[in-house]
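If you want the building blocks of each chain, they are given just below.
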Amino acid sequence: MASSNIRPHLVVADENGEIYDHPDLLMVCRRGHEFALPRPDELMPLPDESELFLLPGRRAVGLDPETGEAVGMDELAVAAFAAPAHTLTAHPAYVSEADAPTLPLFAYGAVGFANGRFYVCAKRVDESNRQVFRGVHRRKVEQTARELMRRYPDNRLMQHLTAKCALTYSCPAARNLCLGRYEAPLPVSRACNARCVGCISQQEAGSRICATPQNRMAFTPTAAEIVEVMRHHARNEVAEPVFSFGQGCEGEPLTEAPLIEEAVRLFRAEGGRGTVNLNSNASLPGAVERIAGVGLTSLRVSLNSAREEPYNRYYRPHGYTLADVRESIATARRNGVFVSLNLLYFPGITDTEPELEALLDMVRTCGVSFIQLRNLNIDPEMYLELLLGIEFGPNMGLVNFRKRLRRECPWLGFGYFNPYLGDRADLEERGVPLPGQWHPTPLADLLRDAPEASPDRDTPDADSSVTAEDLSGVEDTEPDDAHEGLPEGHLEAGPHEGVPDDDDHICGCED
């Protein structure tokens, strides 16, 4: 939940890496190109299993509450990597030195300190504990991973998911496979038809990004190997099994569409139950249609923007366009597939009017069911440089951004993870429009249904103003509805609630 009536102090780090809060200066955050105090609806205690990073070559900026002036520090800025299920609403404020290195591919949240604890600018957007590992000792994951390696010695995919993903990269999805719960990762592709600036598995020669969180897989599994992993997971996760093609350690899975089609057909033909999901850039509509025809349940489309120019600058597509992405979404919806957008959220850019309008058009006209509010893992300044010259305008903040989406598209669900949907999602029951069938509500109906405004509450005084003092006492009026719109059964509990040892490591995998 968001926290009000607090004014966190600036958090900094010295050259030795010691992190501490400044006794006088207040926390300042950044949204796009704007430096400001945190909004009261976006501050929350730093979630368990989050991490703090010091930012080399970046000098912290705080606010002097006595003078109202921003103050640049000699100390380094500090950022928070929020635990999964949380979306960052602001980046830390800092001034970079000329030789500051490019930051690794993580998400950097603004962090402050108050009342004996750290606070971060973020919102919890999914109530699932899918990637919570507290209480699950690393030894248990290691033991089960090695047991799977012995049980499936000839299955290269299982060997990759255990030895590489679970034990080397501490990938949450691979660790869950070892624990027999939630979502089974199914990477299949070594190639990609995009050159994403923030690709977390492979960077081209000459890239400013010195390292990726994991390396791309070096083989292509067979359909038999894929189905064997699916069968194994189905025997262990009997309540809500999810099987997901498209992971952080591979390229674009649609480049192996015939392989995925064969594997899904084999799995379904032998009575395989559960949600079969495809995480993809949705670049090949024909391939999407073929896979949908053999039993695909859901498609998650990765997207930084629904506008062509920002999309092209980040994804750098090869042989496809954003129009193809839209057609893939519409094709999936027409074939009864539940479509999520893996929206790579960047505070101060994603939550602007031009971005929102383009996103609304895509959701309404293509038949999108769900939005996963994921963080864009990238050096904030690198991304802003990438988008120079594109008009965005003022930002509205994550809370208002989500409210606007919900108001305009009442069928739309929100979350962070791929939801369990059974074998097929009932899209008609959910009210998700077919492509080309959405129509705006007539203005007369909107006016008839609108509540009457209260002069005392809704009409501002002519001379009213908001100060930094006022901001500290405003409460978050958004309901605690992070799970609103989730399919039934998406809120996991009971035996799945295990939560990581202190020696667990951050993984940049998307799942």
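Up top is the structure these notes are about.
Parameters at a glance
- Residues numbered from 1 in each chain as written.
- Predicted model: local features only at pLDDT ≥ 70, side-chain atom pairs only at ≥ 80, totals over all residues.
- Heavy atoms only, no water.
- Helix = DSSP H or I, 4+ residues; strand = E, 2+ residues; numbered from the N terminus.
- Axes fitted to C-alpha atoms, helices over the stretch in contact; angles between N-to-C directions.
- Contact = heavy atoms within 4.5 Å.
- Pairing = 2+ DSSP bridges.
- Buried < 20%, exposed > 50% of the residue type's maximum accessible area, 1.4 Å probe, protein only.
- Parallel < 35°, antiparallel > 145°, perpendicular 65-115°, else oblique.
- Left-handed = near helix turned anticlockwise from the far one by under 90°.
- Right-handed = clockwise from strand over helix to strand, strands pointing away.
- Arc of directions from axis to C-beta.

K.L.:
Talk me through unusual backbone geometry; I want residue IDs and the actual numbers.
P.N.:
The phi dihedral of Ala282 falls on the positive side, at around 55°, and the residue is not glycine. Tracing the backbone shows Ala282 in the loop between β15 (275–280) and α6 (285–292).

K.L.:
Talk me through the packing of helix α8 (residues 322–334) against helix α9 (residues 353–366); I want residue IDs and the actual numbers.
P.N.:
Relative placement of two packed helices is described by the angle separating their axes and the distance separating the axes. Between α8 and α9, the least distance of the axes is 9 Å, while the angle of their chain directions is 35°. Counted together, Leu322, Arg326, Ile329, Ala330 and Arg333 of α8 and Asp361, Met362, Thr365 and Cys366 of α9 form the full contact between these two elements.

K.L.:
I'd like to hear about the sheet that holds strand β3 (residues 29–31), residue by residue, with values.
P.N.:
Taken in spatial order, the 3 strands line up as β4-β3-β9 in an open sheet, and their pairing is antiparallel. Among the strands making up the open sheet, the edge pair consists of β4 (34–36) and β9 (91–92). Of the pairings in the sheet, the one linking β3 to β9 comprises 2 bridges and is antiparallel in character. Along β9, the bridge assignment pairs Arg30 with His91.

K.L.:
Give a detailed account of the sheet that holds strand β17 (residues 338–345), specifying residues and quantitative values.
P.N.:
Here 7 strands make up an open sheet; going across it, the order is β13-β14-β15-β16-β17-β18-β19 and the pairing parallel. The sheet is open, and its two edges are formed by β13 (183–186) and β19 (413–415), each paired on a single side. Neighbour-to-neighbour, the strand axes of the sheet open up by a mean angle of 25°, direction not taken into account. As defined by bridge partners, strand β16 (residues 298–303) adjoins β17 across 6 bridges and the pair is classed as parallel. Pairing of Ser302 across the sheet is with Asn342, part of β17.

K.L.:
Account for the pairing of strand β11 (residues 109–114), naming residues and giving values.
P.N.:
Of all 6 residues making up β11, 5 are buried, and the element is well covered by its neighbours. Where strand β1 (residues 9–13) lies against β11, 2 bridges are found, and the strand directions are antiparallel. Its bridge partner lying in β11, Leu10 is registered against Gly112. The sheet contact formed by strand β7 (residues 69–81) and β11 spans 2 bridges and is antiparallel. Among the inter-strand pairings, Ala79 is bridged to a residue of β11, identified as Ala110.

K.L.:
I'd like to hear about the packing of helix α1 (residues 138–151) against helix α2 (residues 156–166), residue by residue, with values.
P.N.:
Relative orientation of the contacting elements α1 and α2 amounts to 160°, with a least axis distance of 9 Å. Classified by the interaxial angle, the pair formed by α1 and α2 is roughly antiparallel. Seen from above, α1 lies across α2 with left-handed handedness. Together, Ala145, Leu148 and Met149 of α1 and Met158, Gln159, Thr162 and Ala163 of α2 make up the contact between the two elements.

K.L.:
Mind laying out the pairing of strand β18 (residues 370–375), listing which residues take part and the relevant values?
P.N.:
Of all 6 residues that make up β18, 6 are buried, and the element is covered over most of its length. The side-chain alternation of β18 yields two buried faces, one formed by Phe370, Gln372 and Arg374 and the other by Ile371, Leu373 and Asn375. Pairing of β17 with β18 involves 6 bridges; the strand directions are parallel. When the bridges of β18 are listed, Asn342 appears paired with Gln372. Once you follow β17 into α9 and on to β18, the crossover reads as right-handed. Bridge count for β18 against β19 is 3 bridges, and the pairing is parallel.

K.L.:
Before we move on, could you go through the environment of Gly72 and cite the residues and values that matter?
P.N.:
The topology assignment puts Gly72 in strand β7. Distance in space between the C-alpha atoms of Gly72 and Ala93 is 9.7 Å, their sequence separation being 21 residues.

K.L.:
Please give an account of helix α7 (residues 308–315) that cites residues and values.
P.N.:
Buried within α7 are the following residues: Pro310, Tyr311, Tyr314 and Tyr315. Each buried residue of α7 lies within a common arc of 110° when the element is viewed along its axis, so the set occupies one face. Looking at the packing, one finds that the buried side of α7 touches β16, α8, β17, α9 and α10 (380–386). Looking one or two residues beyond α7, the residue adopting positive phi is Arg316, at roughly 45°.

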